[in-house]
Amino acid sequence: MAENKKVLLEVEDKVAMVMLNRPEIRNAIDGGVLEGLRATAEHIQSDTEIRVAIITGAGDRSFTSGLDLKAAMAGEGILPSRAVRSEFEALQMAGQIYTMFETLPVPVIAAINGYCFGIGLELALACDIRLASETAIFSLPEVQMGSIPDVGGTQRLTKIVGAGKAKELIFTGRRIDAAEALRIGLVERVYPLDKLMEEARKLAQEIASVAPALIQGAKRAINVAVSYPLELGLNYEAVTAVTSRQDIRQGSASLLEKSKSQ
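Residues numbered from 1 in each chain as written. Predicted model: local features only at pLDDT ≥ 70, side-chain atom pairs only at ≥ 80, totals over all residues. Heavy atoms only, no water.

Draft legend 1. Up close: the pairing of strand β1 (residues 7-12). In the sheet, β1 pairs with strand β2 (residues 15-20) via 6 bridges, with the strands oriented antiparallel. Each residue of the ladder has a partner; that of Val11, found in β2, is Ala16. Between β1 and β2, which pair antiparallel in sequence order, lie 2 residues; one of them, Asp13, sits at a positive phi of approximately 55 degrees. (Pairing = 2+ DSSP bridges. Helix = DSSP H or I, 4+ residues; strand = E, 2+ residues; numbered from the N terminus.)

Put into C-alpha cells, the structure is as follows:
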C-alpha cells in the first residue's frame, strides 16, 4: 500500500486500524483522503489475515467534520479533476469507495470520536457497526450548503433509521448528540470518550475469534436483507448457511460447555 499520510493503516492481531489523519482540520475529507480510503480498502481486501477493520479519526475531537470546505471553496472537487470527466462521475467514484468498505469480506466498525458530519457521516453509514463517544455529534448539513447528501446518505440513512427520521435529519441539517443517535438506531453503542477505542478493539477481537467464513457469510446475507425482497433474502441466507457451515457438532459441544461454566 502506497504511503498516504491523510489515512493511516495499522494491522495488529488480525484487526486493521484505519485512521483519518488530519486532526488540525478535524479530519476533513478531500480527494487525498478518498484516495487513501480506496487504497486502504484494497489492502484490507487483499490481506486474508485481517478479520475486522476499525475506522476512526485522529485526536479526540472529530471522527471527521465532513467535506474540506476550504478546498471546496477553492474550486477543488471531491476527487482530482484529472481523475474524472464530470461532477457526476466524481460522486460515483466517491460512492464506490464507500461501497468498498460496505462490501469488504470483514466487518467494519466505525469508532466515532466527536464530530461526524456530512460526507463523514456517510462514511460511517457505510460501516457495519457504529460505536460513538458521548461527545459525538452527528449531522448531514448538505441542504444548508445548497446540495443533498450525495455519497449514499439519502439511501443508507433511510435504511438504518427509517424514512421519517432520515427526512427530518436531511431536510433540516439538524445536529444530534450521541444519546439521540443511540435512541434512533444510528449507532449501536455509546461510551465515554476515553473508553471508546478500548471497547471498539474488544468488539473487534470478539468478532475476530469467530471462523472467518461464518462472519463473511453472515455479512453478505445481512447486506442482502436490506437490499432485496424477503423471499430472495431467505433463499440467499439458506445457500450461504450451507456453503459457510462449520462443524456443528464441535460448535455445539463448545457452546454447551461454555453455558455450563456461566
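Draft legend 2. A look at empty space enclosed by the protein. Inspection of every chain in the model, using the stated rule, returns 1 cavity of 30 Å³ or more. Its boundaries defined by the atoms lining it, the largest cavity holds a volume of some 50 Å³. The wall of the largest cavity is formed by Leu121, Phe138, Ser139, Leu140, Leu157, Leu169, Arg174, Ile176 and Leu186. (1 Å grid on protein atoms, 1.4 Å probe; cavity = no way out; pocket = protein on both sides within 12 Å on 5 of 7 lines; lining within 4 Å. Points joined across faces, edges and corners; volume = space filled by probe spheres on them.)

Draft legend 3. Fine view of the sheet that holds strand β3 (residues 52-57). Read from one edge of the open sheet, 6 strands run β1-β2-β3-β5-β7-β10, paired in mixed fashion. The strands lining the two open edges of the sheet, one partner per strand, are β1 and β10 (189-191). Averaged over all adjacent pairs, the angle separating strand axes in this sheet is 20 degrees, with direction ignored. Alignment of strand β7 (residues 129-133) against β10, held across 3 bridges, turns out to be parallel. Within β10, the residue paired with Ala132 across the bridge is Val190. (Axes fitted to C-alpha atoms, helices over the stretch in contact; angles between N-to-C directions.)

Draft legend 4. Main features of the sheet that holds strand β6 (residues 115-117). The strand order β4-β6-β8-β9 describes an open sheet built from 4 strands, whose pairing is mixed. Every interior strand has two partners, whereas the edge strands, β4 (62-64) and β9 (176-177), have only one. With 3 bridges joining them, β6 and strand β8 (residues 137-139) adopt parallel strand pairing. Following the sheet pairing, Cys116 is matched in β8 by Phe138.

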